[in-house]
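Spelled out, the chains give:
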Amino acid sequence: MPQDLPPRPEPVIAPEMCEACAGVQQNWRRARGHPELMQGTHRTVAHKHGSVTITKYRCERCGTIWEYENNKVNRHAGWSVLGR
C-alpha cells in the first residue's frame, strides 16, 4: 500500500546563488550536490521510523548554506537551502 507523501516543497533559488548551486536538485533524496560544497556539522534527528542524519554544507564560491537530510523513508528529503 503506497504511502501518501506531502507535496514536494518548492526549491529556493536566490539571485546571489552561483550557477553550480542553482543546478542542485532540491528536495529530492539522493540528488547530487556539487564539488564546492564544503561539509560542516551534522546532527541526528529522531523520527518515528528511526534516526535521520542532517549535514550542513557551505558553498565556497557563493556562500550559500545548505542542509542535506539523509532520510531513506522520505524521498522529498535531500538538499535544501538555509540561507547565505
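Coordinates for the structure precede this section.
Colleague: An account of the overall build of the protein is requested, with residue identities and associated values reported.
Modeller: A count of helical and extended segments in the protein gives one helix and four strands. For the protein, the succession of helices and strands along the chain, N to C, is α-β-β-β-β. Across the 84 residues in the protein, those meeting the buried criterion constitute 33%. Taken as a whole, the protein presents about 5900 Å² of accessible surface, with 49% of it coming from carbon and sulfur.

Colleague: Could you give me a rundown of the sheet that holds strand 3 (residues 65-70), with the residues and numbers involved?
Modeller: The antiparallel open sheet is built from four strands, whose spatial order is 1-2-3-4. One side of each edge strand has no neighbouring strand; the edge strands of this open sheet are strand 1 (37-47) and strand 4 (78-83). Going across the sheet, the axis of each strand differs from the next one's by a mean of 25°, ignoring polarity.

Colleague: Can you explain unusual backbone geometry? Please cite residues and give values.
Modeller: In this structure, Asn 27 is a non-glycine residue whose phi angle is positive, near 60°. Within the secondary structure, Asn 27 sits in the loop between helix 1 (19-22) and strand 1. Within the chain, Arg 30 stands out as a residue other than glycine whose phi angle is a positive 75°. Take Arg 30: it is sitting in the loop between helix 1 and strand 1.

What counts, and at which threshold
Residues numbered from 1 in each chain as written. Predicted model: local features only at pLDDT ≥ 70, side-chain atom pairs only at ≥ 80, totals over all residues. Heavy atoms only, no water. Helix = DSSP H or I, 4+ residues; strand = E, 2+ residues; numbered from the N terminus. Buried < 20%, exposed > 50% of the residue type's maximum accessible area, 1.4 Å probe, protein only. Areas by Shrake-Rupley, 256 points an atom, 1.4 Å probe, with all protein chains shown as cover. Pairing = 2+ DSSP bridges. Axes fitted to C-alpha atoms, helices over the stretch in contact; angles between N-to-C directions.

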